[in-house]
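Survey of secondary and tertiary structure
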Amino acid sequence: MRLKDKVAIVTGAGQGIGEATALKFAREGAVLAVCDLNPDAVARVVDACRKTGATAEGFVTDVANRESVTEMVLTVLRKFQRIDILVNNAGITKDARLQKMTLKQFDDVIDVNLRGVFHVAQAVVDIMVEQGAGVILNASSVVGLYGNYGQTNYAAAKFGVIGFTKTWSRELGPKGIRVNAVAPGFIETPILSTVPEEVLTKMRDQVPLRRLGKPEEIANIYAFLASDEASYINGAVIEASGGMTL
Ligand code: NAD
C-alpha cells in the first residue's frame, strides 16, 4: 500500500478520472475526501471507496466557489488532522471556435479549470507548509501543451495549470511540497460524451496505440506521483496520451 494513511482530497471525484483516482488511492490505503458538485456521484464513490476498506468522506464542493472550497478543506482538516495530497482534477469543457465563443463559455471554463485549481491549492497550502510535507497534483491536458481546435477557454486553463505547477513547485519545493501535473490525451470518460463518433474514430487513429486511454491509466499516474516513489519528481508535466502527439 503506497499511500497508507495519507489524507487525500480528490476534486471532481464523482466520475471519470477523478472517480478512478479516488478508488485507486483507497486501494493504496489513503484516507479519502471525495469532492464533487454532484451529490449522488459523491455518495456512490464514497461507498465504493469504503468497500475497499478505506476511510472516505464525501463533500459536495464547487471548486469555482471559494467559500465552498474553504468549508470543505476546514472540515477535512477537522476530521483527519492533516492533508497530505491534493488532486486538482475537477474540470469541464464548453467548446466553441474563437469566432463563436461566448463570454459565458469562456468564464465558466476558466472559473472551474483554472480559478478552481487556484482556490483549492490556496486553501490547502498553509496546512501543507505547516506539516512540512505535501503533494499537489494538477490536471492539465495535451490541449495544455499543444492547443486544440474549438478550445480557446480550455486550452488557456490547461496551459495555465502548467504555469501554476511550475511556479508552485519552485515556491513550495523548499518547504517539502512537491507539485506536478498530468497531461492526458483522450481518455474514455463522460467528458467525451459530446464528441461525435467520427471524431472519436479520428482521435483513435491519431494514437500510435490505436485506442483511447482508460481513467484507471491516469489514476495509476496520480497514485505514483502522490507516493514516495516519486520523491524526486517536482514541477513535471507527465503526458499520458498513448503517443498521440508524436
Ligand atoms: P468528467 O466530466 O468525466 O468528470 C469531471 C467531474 O468533475 C464530474 O464528476 C463533475 O461533476 C465534476 N465537476 C465539474 N465541475 C465541478 C466543480 N465546479 N466543482 C467540483 N466538481 C466539478 O471528466 P474527466 O474526463 O474525468 O476529466 C477529469 C479531468 O481530467 C478534467 O480536469 C479534464 O479536463 C482532464 N482531462 C480529461 C481528458 C479526457 O479525455 N477525459 C483529457 C485530458 C484532461
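Located above this text is the structure these notes cover.
First, a word on scope: everything that follows refers to the structure included in this document. (Residues numbered from 1 in each chain as written. Predicted model: local features only at pLDDT ≥ 70, side-chain atom pairs only at ≥ 80, totals over all residues. Heavy atoms only, no water.)

The next thing to look at is the packing of helix α4 (residues 103-131) against helix α6 (residues 152-172). The N-to-C vectors of α4 and α6 enclose an angle of 15°; their axes lie 8 Å apart at closest approach. When the interaxial angle is binned, α4 and α6 end up roughly parallel. Viewed along their axes, α4 and α6 form a crossing whose handedness is right-handed. Each of Q105, F106, V109, I110, N113, L114, V117, F118, A121, V125 and V129 in α4 lies in contact with α6, whose residues at this interface are T152, N153, Y154, A156, A157, K158, G160, V161, F164, W168 and L172. A breakdown of the residues in the contact of α4 with α6 according to their chemical character gives 16 nonpolar, five polar and one charged. (Axes fitted to C-alpha atoms, helices over the stretch in contact; angles between N-to-C directions. Helix = DSSP H or I, 4+ residues; strand = E, 2+ residues; numbered from the N terminus. Parallel < 35°, antiparallel > 145°, perpendicular 65-115°, else oblique. Left-handed = near helix turned anticlockwise from the far one by under 90°. Contact = heavy atoms within 4.5 Å. Nonpolar A, V, L, I, M, F, W, Y, C, P; charged D, E, K, R; others polar.)

We now examine the environment of C35. Note that C35 resides in strand β2 (residues 31-36). Exposure remark for C35: the relative accessible area of 2% places this residue in the buried category. Along the backbone, C35 and V46 are 11 residues apart, and their C-alpha atoms lie at a distance of 9.5 Å. Residues within four places of C35 in sequence aside, it is in contact with I9, V10, T11, G12, A13, V42, F59, T61 and M72. (Buried < 20%, exposed > 50% of the residue type's maximum accessible area, 1.4 Å probe, protein only.)

In this section: the side chain of E19. Among the structural elements, E19 can be located in helix α1 (residues 16-27). Judged by relative accessible area, E19 falls into the buried class, the value being 19%. Each residue touching E19, except ones within four places of it in the same chain, is listed here: G12, A13, G14, R44 and V45.

Let us look at the sheet that holds β2. The strands that make up a sheet are held in pairs by hydrogen bonds between backbone atoms, and each pair lies either parallel or antiparallel. Spatial ordering of the open sheet is given by β3-β2-β1-β4-β5-β6-β7, a layout of seven strands whose pairing is parallel. Each edge of the sheet is formed by a strand with only one pairing partner; in this case those strands are β3 (56-60) and β7 (237-240). Shown here is a sheet whose adjacent strand axes are inclined to one another by a mean of 15°, direction ignored. With four bridges connecting them, strand β4 (residues 85-88) and strand β5 (residues 134-139) associate as parallel partners. In the strand pairing of β5, I85 is matched with V135. (Pairing = 2+ DSSP bridges.)

Near the ligand you find 27 residues, and of these I17, D36, N89, Y154 and T189 are the closest. Backbone polar atom of I17 to an oxygen atom of the ligand: 2.8 Å apart, as the coordinates give it. Within the side chain of D62, a nitrogen or oxygen atom sits 2.8 Å from a nitrogen atom of the ligand. Alone, the ligand offers 830 Å² of accessible surface; in the complex the protein occludes 93% of this. (Near = heavy atom within 4 Å. Polar contact = N/O pair within 3.5 Å; in protein donor to acceptor, adjacent residues only side chain to side chain. Areas by Shrake-Rupley, 256 points an atom, 1.4 Å probe, with all protein chains shown as cover.)

Side chains that differ in charge, positive against negative, can pair when their charged atoms come close. Within this structure, the stated rule accounts for 13 salt bridges. Put simply, E57 and R50 hold a salt bridge, and the shortest N to O gap is 3.7 Å. Residues participating in the shared-partner salt-bridge network are R2, K24, E28 and E229. (Salt bridge = Lys/Arg side-chain N within 4 Å of Asp/Glu carboxyl O.)

As a further point, take helix α2 (residues 39-51). Under the 1.5 Å per step criterion, the end-to-end length of α2 is 18 Å for 13 residues, consistent within 8% with the ideal 18 Å. When we look at burial in α2, the residues that qualify are A41, V42, V45, V46 and C49. Relative to the axis of α2, the buried residues are bounded by an arc of 130° and lie together on one face. For α2, the exposed residues lying more than 90 degrees away from the buried face are D40 and K51. Here the buried face of α2 lies against α1, β2 and β3. By the N-cap criterion, in which a side-chain oxygen at the helix start approaches the backbone nitrogen of a residue two or three places on, α2 is capped by N38, the distance to D40 being 3.0 Å. Of the residues trailing α2, G53 is marked for its positive phi of about 100°. (Expected span 1.5 Å × (residues − 1). Arc of directions from axis to C-beta.)

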